[in-house]
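# A closer look at the structure
The residues making up each chain are set out below.
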Amino acid sequence: MNKLKRYLLFLIGLFINALGVSLVTKANLGTSPISSIPYVLSLHFPLTLGNFTIIFSILLIVLQILILRKNFKMENILQIPVSVAFGYFIDLTMYLFFWVNPGNYAMKLVALLVGCTVLGFGVYLEVLADVVMLPGESFVRAIVQTWNTNFGTTKIIFDSSMTVIAGVLSFVFFGRLNGVREGTIIAALLVGFIARLFGKHLEFVKPYIFPEEYKAEKAGVQERADDNETNHKNVIVIGRQYGSGGHDIGKLLADRLGYEFYDREIIKMTAGTTGMTSDFIEKKEESMTNSLLYDFVNQMYQYGNEKEEAPKDKIFEAESKVIRKLADKGNCVIIGRCSDYVLKDDSRVLKVFFTAPLKSRIERVMKRLNTGSGDAQNRIRREDKMRFDNYHYYTGRMWGAASNFDITINTDMGVDYIETCIRGAMNMR
């Protein structure tokens, strides 16, 4: 039943994808990069855009077979009926939009942007369904698997190549650019970005669409929580303002309680599961300069599957798995990395946030980094901003908000007071 639901969702996404392609094409400012070659060919030869889409898709499937050889899986043959359906969907939607013929440039831009939004939503549904990739994205994945290239970079090169080839063909056929215009570039930049935004802001719908999977996951969390309760295992997760002394106090608390302490250890464990270096992970984790810019830069990863995430997304997922494993062992203190959110459903977790007056934080940073007051204050503002943006991006919640934690403590109150509060809170739980 769940598989049928996924294929039905994919089919809906495929149709919406075709609606988007048709709207973008009808804007008469070019079309999407993957459709640019079929579109230019359809302007010169008697076959339709849908027909050439099917032919071009089958060519990409043949190229996948040549690239992957014995690694080409039979399930990838599903791309053929999908391509045929997509081609006919495009012809159908082009017919349905026969009345769309924007006259002035402003209306063409409106039609283009609406088309990009629709196309982005279609991509989101296809990724959500997670059953079949379209030949264009699957071709990119074949290159990535064979030559171990970066998915995002390879996708950019692929789209750029499609656009350049379409441009060359238009000059050959018409002596000028025809079918490839600024709309092609705009679609290339916006569609993946919009799909990522849909994926991030509609995350809450997954449990309603696939309740069976989430029931099993919730049951597993509850089973682990019951086991922890039976064996009196406790987990303390600590969020902290930069310069509040969260790491040092957390380490001291772990020593006094006889608990394991995890901070940089999480980086090392994540490096072991991702193949990334510890230095690379440390630079990327808990740092987000601008969430919209991040989505824009990493939009191409929206077309991949769970194995082709943007590096920072991959780090977050890998660290979350590590945190859950550590929490299952129990009796530990875990520092940062959105661990309060990752373990939000675990009843044995005590969520603590450390804060401190700005003056104390400046003094602490000055001493630790051997720097001046101004530099320390700038560092605090920058680090807190990155932690805020990172936390909000991956959790959808406000960083440091009291509602996310069981206790918020001013570290200037001293370690003895903090320990008393935490021991009392654990006894209450």
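Along every chain, residues carry numbers that run from 1 in the direction the sequence is written. Local features in this predicted model are restricted to residues whose pLDDT is 70 or higher, and side-chain atom pairs enter the listing and the counts only when it is 80 or higher, whereas totals over whole chains, interfaces and linings include all residues. As a convention, hydrogens and water are excluded, and side-chain values are obtained from all of the structure's heavy atoms.

## Regarding the packing of aromatic side chains
Only centres within 6.5 Å qualify two rings of Phe, Tyr or Trp (six-membered ring in Trp) as a pair; their planes then separate them into stacked at under 30 degrees, edge-to-face at over 60, and tilted for everything else. Enumeration according to the criterion identifies 14 aromatic pairs in this entry. Ring centres of F139 and F158 lie 5.5 Å apart, and the angle between their planes is 45°; this geometry places the pair in the tilted category. With a gap of 19 residues between them, F139 in helix 6 (residues 135–147) and F158 in helix 7 (residues 151–174) connect regions that are remote in the sequence. Buried, partly exposed and exposed residues are distinguished by accessible area as a fraction of the type maximum, computed with a 1.4 Å probe on protein chains only: under 20%, between the cut-offs, and over 50%, respectively. A relative accessible area of 6% means that F158 is categorised as buried. Three or more aromatic residues joined by ring pairs form one cluster here, namely F45, F52, F173 and F174. For a Lys NZ or an Arg CZ to count as sitting over a ring, it must be within 6 Å of the ring centre and within 35 degrees of the ring normal. Note that R6 overlies the ring of F210, its terminal NZ or CZ placed 4.0 Å from the centroid. Segments assigned H or I by DSSP are reported as helices when at least four residues long, segments assigned E as strands when at least two residues long, and all are numbered from the N terminus.

## A short note on the pairing of strand 4 (residues 349–355)
Within strand 4, six of the seven residues are buried, leaving the element largely enclosed by the surrounding structure. Between any two strands, pairing holds if DSSP finds at least two bridges. In this structure, strand 1 (residues 235–240) lies alongside strand 4, joined through six bridges in parallel fashion. Directly across from R240, in strand 4, lies its bridge partner F354.

## Quick look at helix 7
Helix span, as expected, comes to 1.5 Å for every residue beyond the first. Across its 24 residues, helix 7 extends 34 Å between first and last C-alpha, which sits within 8% of the 34 Å expected from 1.5 Å per residue. Turning to helix 7, the residues buried within the fold contact helix 2 (33–44), helix 3 (49–68), helix 6 and helix 8 (182–201). A positive phi of about 75° marks G175, the residue just after helix 7. Throughout, a residue-residue contact means that at least one pair of heavy atoms, one from each residue, lies within 4.5 Å.

## Observations regarding the environment of I55
Its location among the elements puts I55 in helix 3. Classification of I55 by relative accessible area gives partly exposed; the value is 46%. Sequence-wise, I55 and G87 are 32 residues apart; in three dimensions their C-alpha atoms are separated by 9.0 Å.

## Concerning unusual backbone geometry
Glycine aside, negative phi is the norm for most residues, and most peptide bonds take the trans geometry. A positive phi angle, close to 55°, is found at N148, a residue other than glycine. If you check the backbone angles, N370 has positive phi at about 55° while not being a glycine. Relative to the helices and strands, N370 is located in the loop between helix 17 (358–369) and helix 18 (373–395).

## Quick word on the side chain of D159
Position of D159 among the secondary structure elements: in helix 7. What makes D159 buried here is its relative accessible area of 8%. Under the rule applied, a polar contact is a pair of N or O atoms within 3.5 Å (in protein, one hydrogen donor and one hydrogen acceptor; residues adjacent in sequence only if both atoms are side-chain atoms). Here the side chain of D159 touches K155 through a polar contact of 2.8 Å, side chain to side chain.

## Some remarks on the nonpolar core
Inside soluble globular proteins, nonpolar side chains tend to come together where they are buried. Within the largest apolar cluster, 33 residues are counted, with the highest numbers of intra-cluster contacts made by F10, L14 and C116. Looking at this core, the elements with two or more residues in it are helix 1 (2–26), helix 4 (79–96), helix 5 (105–129) and helix 8. If one sorts the elements of this core by residue count, helix 5 sits on top with nine residues. Excluding residues that lie within four positions of it along the chain, C116 makes contacts with V24, A187, L190, V191 and I194. Only buried Ala, Val, Leu, Ile, Met, Phe, Trp, Tyr and Cys residues count toward a nonpolar core, and they belong to the same one when joined by side-chain atoms within 4.5 Å. If you look at the next biggest cluster of nonpolar residues, it comprises 20 residues, including I37, F56, V144 and F151.

## Quick look at the pairing of strand 3 (residues 332–335)
Where burial is concerned, the two faces of strand 3 agree: the one with C332 and I334 and the one with V333 and I335 are both buried. Sheet topology places strand 1 next to strand 3; four bridges connect them, and they run parallel. Bridge pairing in strand 3 links V237 to I334.

## A look at the packing of helix 6 against helix 7
The relative placement of two packed helices comes down to the angle between their axes together with the axis-to-axis distance. For the pair helix 6 and helix 7, the least separation of the axes is 9 Å and the interaxial angle reads 125°. Here helix 7 runs oblique to helix 6, going by the angle between their axes. For helix 6 against helix 7, the interelement crossing comes out right-handed. Here G136, E137, F139, V140, R141, I143 and V144 of helix 6 come into contact with helix 7, specifically with F151, T154, K155 and F158. We call Asp, Glu, Lys and Arg charged. Ala, Val, Leu, Ile, Met, Phe, Trp, Tyr, Cys and Pro are nonpolar, and the rest, Gly among them, are polar. In the contact of helix 6 with helix 7, the residues fall into six nonpolar, two polar and three charged. To define axes, lines are fitted to C-alpha atoms, for helices over the stretch in contact only, and angles between the resulting N-to-C directions are given on a 0 to 180 degree scale. By definition in this entry, angles of less than 35 degrees are roughly parallel, angles greater than 145 are roughly antiparallel, angles of 65 to 115 are roughly perpendicular, and the rest are oblique. In a left-handed crossing the near helix is turned counterclockwise from the far helix by less than a right angle, and in a right-handed crossing that turn is clockwise.

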